[in-house]
Each structure stands twice: as structure tokens, then as C-alpha cells.
Amino acid sequence: MSVRHFLEVDDLNAGELAQILTASSGSPPTQVLKGLGVALLFEKPSARTRHSMEIAVVQLGGHPVSITGDEVGIDQRESAEDIARTLGCYHAAIGARVYHHTVVERMAAASPVPVINLLSDRAHPLQALADLLTIQQVFGEIDGRRIAYVGDPNNVARSLAIGAGLMGAEFIIASPGGYRFDSSDLNRIAKSGRAAQQVEDPGRAVDGAHVIYTDVWVSMGQESEAEEKRSAFAGSYTVDDRLMRRATPDAIFMHCLPAHVGWEVTEEVLHGPSSRIWLQAENRMHAARGLLTFLLRHQ
Ligand code: CP
Ligand code: NVA
């Protein structure tokens, strides 16, 4: 069997995704990594991803080795391909958080072991797994739920939209006119099973929503666009109590974190009664365990 990688949520089919979510929720960990290592490479900062992955590896009987991009010098000291080939000599899987999605793609193309995208400029699929797990735990099922994403159509939004489509949820994003998914994103989301809707008015997106989701307006690596993006989003795209009240009465608020209070979300929503941000953060670890178990068993 060929090596399975996880660079975006649709590297899994709907059945596999559902199976991983079920396994992440309940099953006690099996020692699929006993005596094995997992390399975790970070070109950007991380709290949740590094710690949830490291502990998931430990729970599965393995040993995580985390390193920064500088330590290996991706495409400076050595090519991304040779780094993947090298780490594959010692480890059962490789995780990488990179600036450019093409780097994780090149690593996967060369790697003898599964490569997991720990976040790139295009995608954050591990986050989407944890988010779907959270929605499933809160509502019992994902199918038929309406997820309203208010803000930048970024890596987190893209992966969540694809995952929502695979699980039969409606995904609607509200963003300013100049900030939209492009046609290839829309096609890929639609292929997952359900097309995403894009609107300008956040109120329209959140009407009748079960989930209101937001993320930073300026992602890591986009610092030079900060001023321009903040002026496009500020004023209308902050999730506040007024917006939350337009959703269904049992609607929850979600954010992948870290959050920028006063920008994409207010303090009263981020830490208010509808917020499920800590369940999401905890679920990063359960979802990582479910994914690692699946990848180790399917090769
Ligand atoms: N949500 C998330 O990926 O957090 P970190 O950047 O802290 O890993
Ligand atoms: N969109 C954010 C997510 C951080 C977890 C970023 O890429 O910086």
C-alpha cells in the first residue's frame, strides 16, 4: 500500500473522516507508535499544535522530536525533499508547519513515511479535524448544521469548509469584497460534497447558524498586509454579542486560537457562555491521536 499523507482534509474521504472522528472521541489509545518516533518541524510559532501532537504521540507509545525550521535549514542547509528522506529514516511520521504549502507537498512527494501538514499558508487540516470533532460532540451530528465563518478566508477557513462539506454541513463565509475564496478553492470545497456560500454581510451569514467561527485577520507570514487587512475588516467583521444573538439560541462560538481580542472577536464572546474554544483546544490532542492511528494503520 502507498504512504498516506495528510496535507488537506480531503486527503481523507467522508467515510475515513467520520471513522477518525469516532475514534478520536472515545476509543482508548492503542500503542501504534510503540518504540517509534514522530518528527515535528516548525517554521512558525505554535502552542496548541506542538503540544497536542507531542502528547498524542506519547499517548500512542511513541517519542516526539520537535525542531524549528532554522535547525534543519529548509532549502538552505538541505532541500525539503532530503530533509523528509532523512527524517523518514528514523521516524514513523513527519509533521511540518511551513510558510509555503508547496514545501509540505515536496516533503510528502519524497517521504517514505506519512507527512502531516501542521499548518501552511493554504491549509490547517488538523485544526479542522478538532473543530469537526467539537461540533459533533456539542450537537451530536455535523450533518445539516450551519457553520458561519466571519472573517478572512484563510488556511483555517479553507480546511474547515472542506471538512464541513465532507460531513454534510452548510458553510457560509462573510468577508469584505476583496477577500474571497478563489475559483479553485470553491471547486475543491464543492467537490467535498457541499458548495460554500460567500457573502459580504456578516449578519446574513450568521442568521440561523449553529456555529459562528472566526480566526485572525492577519495570519502568520502576512504581517506586511496587516494595516490593509485591518482596515478592510475592522468595523463590521468583529464577532460580538449582537452578531451572536442573530444565530440559533444554542449556537456556539469557535476560534482556533490564538485570538486578537477587540479585532475579530470581543472579550465577552471569546470567554462567554457560548464559547467552546477550550473544548476545541483539547480536541486538537484527541483528533491528532485519531489521525496518527489512522495513518499508521493505512500504509
Ligand atoms: N490553533 C493552532 O494551530 O494553534 P497554534 O498556532 O498555537 O499551534
Ligand atoms: N490563520 C492563522 C491560524 C493560526 C493557528 C495563521 O495561519 O496564523
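Note: the structure precedes this text.
Rules used in this analysis
Residues numbered from 1 in each chain as written. Chains lettered and ligands numbered in written order. Predicted model: local features only at pLDDT ≥ 70, side-chain atom pairs only at ≥ 80, totals over all residues. Heavy atoms only, no water. Phe/Tyr/Trp six-rings, centres within 6.5 Å; stacked < 30°, edge-to-face > 60°. Helix = DSSP H or I, 4+ residues; strand = E, 2+ residues; numbered from the N terminus. Buried < 20%, exposed > 50% of the residue type's maximum accessible area, 1.4 Å probe, protein only. Lys NZ or Arg CZ within 6 Å of the ring centre and 35° of its normal. Pairing = 2+ DSSP bridges. Near = heavy atom within 4 Å. Polar contact = N/O pair within 3.5 Å; in protein donor to acceptor, adjacent residues only side chain to side chain. Axes fitted to C-alpha atoms, helices over the stretch in contact; angles between N-to-C directions. Parallel < 35°, antiparallel > 145°, perpendicular 65-115°, else oblique. Left-handed = near helix turned anticlockwise from the far one by under 90°. Contact = heavy atoms within 4.5 Å. Nonpolar A, V, L, I, M, F, W, Y, C, P; charged D, E, K, R; others polar. Arc of directions from axis to C-beta. Core = buried A, V, L, I, M, F, W, Y, C linked by side-chain atoms within 4.5 Å. Areas by Shrake-Rupley, 256 points an atom, 1.4 Å probe, with all protein chains shown as cover.

Asker: Quick question: what am I supposed to make of the packing of aromatic side chains here?
Answerer: The description of an aromatic ring pair uses the distance of the two centres, along with the angle that the planes make with each other. On inspection of all chains with the given rule, the structure shows six aromatic pairs. Considering the side-chain rings of Tyr149 and Tyr213, the 5.6 Å spacing of their centres and the 15° angle between planes classify their relative orientation as stacked. Within this pair, whereas Tyr149 is found in strand β5 (residues 146–150), its partner Tyr213 is found in strand β8 (residues 211–214), the two being separated by 64 residues in sequence. Tyr213 carries the same exposure label as Tyr149, and that label is buried. Judged by centre distance (5.1 Å) and plane angle (50°), the rings of Tyr179 and Phe233 are tilted. Taken together, the positions of Tyr179 in the loop between β6 (170–174) and α8 (183–191) and Phe233 in helix α10 (residues 226–233) put the pair 54 residues apart, joining distant regions of the chain. For the pair formed by Tyr179 and Phe233, the shared burial category is buried. Following the ring pairs from residue to residue traces out a cluster consisting of Tyr179, Trp217, Phe233, Tyr237 and Trp263. Stacked on the ring of Trp263, the Lys or Arg Arg230 has its end atom at 4.9 Å from the ring centre.

Asker: I tried to follow the pairing of β8 on my own but got confused; where do I start?
Answerer: Regular strands place their side chains on alternate faces of the sheet. Burial of the side chains of β8 extends over both faces: Val211 and Tyr213 are buried on one face and Ile212 and Thr214 on the other. Note: β5 against β8, three bridges, orientation parallel. Residue pairing in the sheet places Tyr149 in a bridge with Tyr213 of β8. Two strands pair when backbone bridges link them, and β8 and strand β9 (residues 252–255) are joined in this way by four bridges, in the parallel orientation.

Asker: It is not clear to me how the site of ligand 2 should be interpreted in this structure. Could you clarify?
Answerer: Around ligand 2 sit Leu119, Asn154, Asn155, Val156, Asp215, Val216, Ser219, Met220 and Leu257, and that is every residue in its neighbourhood. The separation between a nitrogen atom of ligand 2 and a polar side-chain atom of Asn154 is 3.3 Å. At 2.8 Å, a side-chain N or O of Asn155 approaches an oxygen atom of ligand 2.

Asker: Hey, could you run me through the packing of helix α1 (residues 14–25) against helix α6 (residues 125–139) in this one?
Answerer: Helix-helix packing: each pair is described by the crossing angle between the helix axes and the interaxial distance. Contact pair α1 / α6: the axes reach a minimum separation of 10 Å and the direction vectors enclose 70°. With respect to α6, the axis of α1 lies roughly perpendicular. In the crossing of α1 with α6, the sense of the turn from one axis to the other is right-handed. Residues Leu17, Ile20, Leu21, Thr22, Ser24 and Ser25 of α1 lie in contact with α6, whose contacting residues are Leu129, Leu132, Leu133, Gln136 and Gln137. Residues of the contact of α1 with α6, tallied by class, amount to six nonpolar, five polar and no charged.

Asker: Looking at this structure, how should I read the packing of α6 against helix α7 (residues 155–166)?
Answerer: Look at α6 against α7: their axes get within 8 Å of each other, and the N-to-C directions meet at 50°. Put simply, α6 runs oblique to α7. Judged by the twist between their axes, the crossing of α6 over α7 is right-handed. For the pair formed by α6 and α7, the contact residues are Pro125, Gln127, Ala128, Asp131 and Leu132 on the first element and Val156, Ser159, Leu160, Gly163 and Ala164 on the second.

Asker: It is not clear to me how α10 should be interpreted in this structure. Could you clarify?
Answerer: Those residues of α10 that fall on the buried side of the exposure criterion are Ala226, Lys229 and Phe233. Here the buried residues of α10 occupy an arc of 70° about the axis, which is enough to place them on one side. The exposed residues of α10 that point more than 90 degrees off its buried face are Glu227, Glu228 and Ser231.

Asker: Just checking my understanding: could you explain the nonpolar core for this structure?
Answerer: Counting residues in hydrophobic clusters, the biggest one holds 55 residues, and the most contacted among them are Leu17, Ile116, Leu129 and Phe171. Top element by residues in this core is α6. It accounts for eight residues. Among the nonpolar cores identified, the runner-up in size contains 26 residues, and Leu257, Val265, Val269 and Leu270 belong to it.

Asker: How should I be thinking about the environment of Asp152 in this particular structure?
Answerer: Checked against the element boundaries, Asp152 lands in the loop between β5 and α7. Between the alpha carbons of Asp152 and Val216 there is a distance of 7.3 Å; along the sequence they are 64 residues apart. Each residue touching Asp152, except ones within four places of it in the same chain, is listed here: Ala157, Ile173, Tyr179, Val216, Trp217, Gln222, Lys229 and Phe233.

Asker: Looking at this structure, I do not really get the site of ligand 1. What am I missing?
Answerer: Close to ligand 1 lie Ser46, Ala47, Arg48, Thr49, Arg97, His124, Gln127, Cys256, Leu257 and Arg284, which account for all nearby residues. Arg48 has a polar side-chain atom sitting 2.8 Å from an oxygen atom of ligand 1. Contacts to ligand 1 include Thr49, whose side-chain N or O atom sits 2.7 Å from an oxygen atom. The protein chains hide 95% of the 260 Å² of surface that ligand 1 would expose on its own.

Honestly, it's all geometry; don't read function into it.
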